[in-house]
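An overview of the molecular structure
Residues per chain are reported as follows:
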Amino acid sequence: MKKSMIFSVSLCVALMTGCSQKVPELDTDIVNAGLDDVNTNTGVDSNIDKMAGMDSSSVSYATEDERIAAIENELQPIYFGTDRYDISVTESEKVDLDANVLNGSLASDLSVNVEGNCDEWGTDEYNYALGLKRAKAMKDSLVAAGVESGRLSIISFGESKPQCYDHNAECWQQNRRADAKIILQ
Amino acid sequence: MRNLIMIVIFAVSFLQADATIKITKKIKKNPSIVVANSTDSTVDAVINRKFLKLVIGDLKVSSNFKVVENYIDASFDGSNMISELVKNNTELLVKCKLQEDASKKLHAKVKLVNAQNGSLVYEKAYMISKKNRYPFLAHNVAIDINNYFGGSPIGWMNKYIVFSKYTGPGKSSIIVSDYTLSFKKTLVSGGLNIFPKWANDQQDSIYYTSYNYGKPTLFLLNLYSGEKTKIASSSGMMVCSDVSDDGSKLLLTMAPNDQPDIYLYNTSSGSKKRITKYRGIDVSGSFVDNDSAVVFISERLGYPNIFHKEIAGGKVEQMVYHGKNNSSCTTSGKYIVYSSRESQNAFGKSVFNLYLISTQTDFIRKLTVNGKNMFPRFASDGETVLFIKETGRTSSLGVLRLNANRSFLFPLAAGKIQSIDW
């Protein structure tokens, strides 16, 4: 009952938002291009646009898992340099976008675990601590961007959850990352 | 003149006592030894062959013998005089005979013989209740031969190794094995289980970190009863880095406030004391100085390096002044072995190498020359170091014999070794 209610509210909000923006038929590429501009200038509003960019008529989640998958699909990983846990200017823009998603109507009631990850260069505790500092850096940036800190926890997976298994620099870059993951209730 | 002689004697003694100096010239000659197969066809031929190879391998790893590579056949109760051995000046012959009894226990009878005159040096019998643990029969045979001739101790061969192995994304198992990986038994599987650490010298329990309970959680697992006890949990990360000699204290890396620091945990009271307070990374605490101080890894200089701090308090002291990325270490008395990243180019010949230093001299000895060599762990003898080596996609256990200046590798058939302890 409660879930149905949440989904209904989410659906209505999404529909209303879509209507207010009058962009249900927008081409995705154009919306995304526009988003960058809006995001740079107005921050939070970009989230509304981005949610509006979704096809409103299809916003219907039969299960909590589907809702979470839809949210996580909007979130972007934050990448780090070798042995680094500071967030670059380029990546910090992605953190702002993630913050908007997490503060959006679809996700604002959910808790988030920020997962820190490392490349394969290390099998020791230091690598796990490095992953933790990356997660902490992302968490701090999300809080700075307006996400309530009480919703956020962090964890390090070290090198245990690679996204890419090839042995090249591009692949290792993909694995030096922090991801915001919705916590299942 | 007398003072000069004293100085020379002192200098020679000092050099011989310092393992950081590579000794390349040996005065004592290692005895030559050949292993003989005396087992009949009633015993599984595969096990027998592996057993004999392990005895040969153990004697080689001891570095105290000149070992003939291949075993020969010889009757256990037949003549001890083998003309070919006499001709080749082989000094020792080890006759090994395996037998399986009605209750499936595996027995090994061993005769050590003077190969030049055929006289019996000793005869011993060994037994193990489970056949798949035959590697420990072989290790015991080698340990006794080595002890008889007074070689540097190799009792560590009889210890279990515990290690974690990645099996997939976010998944790993904890496995107990012998040091050659010939015997393996999975202890913990399902989910992410990492950083296993022996809880005591008896090796009846391990500490390990599980990621299967929300927060990283430290458990104590008794290997014989299967009893699992939750010790502590922490958001972010939780690792048992070291256990004190008497098992009463642990060094944990935790991050209760999202900040990785080293804590002292009392196993009786459950109390915790924060040892390090740097805002960056402090990890991998290791007890030193009779458990009154810790050596640990910190990036307080902007890169990972090795530091020392008294548990009671006081200043942090830098221990290593070589390398710009020293992210793991092990200690034994005055010695530290650490892993140093030497090249940012992953395709370069050397990426992580191991080094040995003494806290009392300025000498540094390079122990490895290629590949990724990490996670060093001293054996109790202080002369042997176990480590993880990765070459290409192969993950191996490495054994370094410091005084003999030799290393040996034991590859893992599948998976990647995450961490080790012995």
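What comes next concerns the included structure. Computed from a predicted structure; not experimentally measured.

So, on to the overall build of chain A. Helix and strand counts for chain A stand at seven helices and four strands. From first element to last, N terminus to C terminus, chain A shows the α and β order α-α-α-α-β-α-β-α-β-α-β. Within the span of chain A, comprising 185 residues, buried residues form 47% of the whole. Long-range contacts, defined here as pairs at least 24 residues apart, represent 75% of the contacts in chain A between residues at least 6 apart. Accessible surface, chain A as shown: approximately 8,800 Å² in total, 53% of it carbon and sulfur.

A few words on the environment of B:Phe363. Mapped onto the fold, B:Phe363 is located in the loop between β24 (350–358) and β25 (364–366). For the pair formed by B:Phe363 and B:Ile128, sequence separation is 235 residues and the distance between their alpha carbons is 44 Å.

Linking two cysteines covalently via their sulfur atoms produces the bond known as a disulfide. Applying the stated rule across the entire model yields one disulfide over all chains. Note that A:Cys164 is cross-linked by a disulfide to A:Cys171, the S-S spacing being 2.0 Å. Here A:Cys164 and A:Cys171 share a disulfide; its torsion about the S-S bond, -125°, makes the bridge left-handed. With relative accessibility at 14%, the residue A:Cys164 sits in the buried group. Just so you know, B:Cys240 is unpaired, no disulfide at all, and the nearest cysteine sulfur is the one on B:Cys329, 15 Å from it.

With that out of the way, let us pick up the nonpolar core. A:Leu142 and B:Trp156 are the most contacted members of the largest nonpolar core, which has 84 residues in total. Among the elements that take part in this core, helix α6 (residues 125–144) of chain A stands out by supplying nine residues, more than any other. Among residues more than four places away in sequence, those in contact with B:Trp156 are B:Val61, B:Tyr179, B:Ala379, B:Asp381, B:Thr384, B:Val399, B:Arg401 and B:Trp422. Counting 41 residues, the second largest nonpolar core, distinct from the first, contains B:Val35, B:Ile47, B:Val55 and B:Cys96.

All right, on to the pairing of strand β7 (residues 161–168) of chain B then. Residue and element names in this part refer to chain B. Burial of β7 is extensive: six of the eight residues sit out of reach of the surface. The pairing of β7 with strand β8 (residues 171–177) spans seven bridges and is antiparallel. Looking across to β8, one finds that Tyr166 is bridged to Ser172. Hairpin connection, β7 to β8: the antiparallel pair is bridged by two residues, and Gly170 has positive phi, about 70°. One ladder, built from five bridges, connects β7 with strand β30 (residues 416–421); its direction is antiparallel. Counted as the bridge partner of Ser164 is Ser419 from β30.

What follows is about the sheet that holds strand β14 (residues 238–243) of chain B. Residues and elements named next belong to chain B. The sheet built from four strands is open, its strands ordered β14-β15-β16-β17 with antiparallel pairing. Looking at strand neighbours, the two that pair on one side only are β14 and β17 (272–274), the edges of this open sheet. When strand polarity is set aside, the average angle formed by the axes of neighbouring strands in this sheet is 30°.

Packed helices, taken two at a time, are described by the angle their axes make and the gap between the axes. All names here are of chain A. Where helix α5 (residues 89–103) contacts α6, the axes come no closer than 9 Å and their chain directions differ by 65°. Classified by chirality, the crossing of α6 by α5 is right-handed. For the pair formed by α5 and α6, the contact residues are Val95, Asp98, Ala99 and Leu102 on the first element and Met138, Ser141 and Leu142 on the second. Each residue belonging to the contact of α5 with α6 can be placed in one class, and the counts come to five nonpolar, one polar and one charged.

Before going further, it helps to spend a moment on helix α4 (residues 134–148) of chain B. All names here are of chain B. Compared with an ideal rise of 1.5 Å per residue, which puts 15 residues at 21 Å, α4 spans 22 Å between its outermost C-alpha atoms and is within 8% of the ideal. With eleven of 15 residues buried, α4 lies mostly within the body of the structure. Within α4, the full set of buried residues consists of Tyr134, Pro135, Phe136, Leu137, Ala138, His139, Val141, Ala142, Ile143, Ile145 and Asn146. Structurally, α4 contributes buried residues whose contacts are with β1 (32–37), α2 (45–62), β4 (92–100), β5 (106–114), β6 (120–128) and β8. Phi turns positive one or two residues past the end of α4, at Gly150, with a value near 70°.

On the side of chain B, 47 residues touch chain A, which itself brings 29 residues to the contact. Interface area, chain A with chain B, both sides summed: about 3,000 Å², of which 59% is carbon and sulfur. Counting across the interface, chain A meets chain B through one salt bridge. A salt bridge links B:Asp258 to A:Lys139; the shortest N-O distance between them is 2.7 Å. At the junction of chain A and chain B, the tally comes to 17 residue pairs in polar contact (both at pLDDT 80 or more). Of all the secondary structure elements, the ones that give two or more residues to the side of chain A that touches chain B are α6 and β3 (152–156) of chain A. Per-element accounting of the side of chain A that touches chain B gives the leading share, nine residues, to α6(A). Here the side of chain A that touches chain B is built from residues that sort into twelve nonpolar, seven polar and ten charged.

Analysis parameters
- Residues numbered from 1 in each chain as written.
- Chains lettered and ligands numbered in written order.
- Predicted model: local features only at pLDDT ≥ 70, side-chain atom pairs only at ≥ 80, totals over all residues.
- Heavy atoms only, no water.
- Helix = DSSP H or I, 4+ residues; strand = E, 2+ residues; numbered from the N terminus.
- Buried < 20%, exposed > 50% of the residue type's maximum accessible area, 1.4 Å probe, protein only.
- Contact = heavy atoms within 4.5 Å.
- Areas by Shrake-Rupley, 256 points an atom, 1.4 Å probe, with all protein chains shown as cover.
- Disulfide = S-S within 2.5 Å.
- Core = buried A, V, L, I, M, F, W, Y, C linked by side-chain atoms within 4.5 Å.
- Pairing = 2+ DSSP bridges.
- Axes fitted to C-alpha atoms, helices over the stretch in contact; angles between N-to-C directions.
- Left-handed = near helix turned anticlockwise from the far one by under 90°.
- Nonpolar A, V, L, I, M, F, W, Y, C, P; charged D, E, K, R; others polar.
- Expected span 1.5 Å × (residues − 1).
- Buried area = accessible area lost by both parts, 1.4 Å probe.
- Salt bridge = Lys/Arg side-chain N within 4 Å of Asp/Glu carboxyl O.
- Polar contact = N/O pair within 3.5 Å; in protein donor to acceptor, adjacent residues only side chain to side chain.

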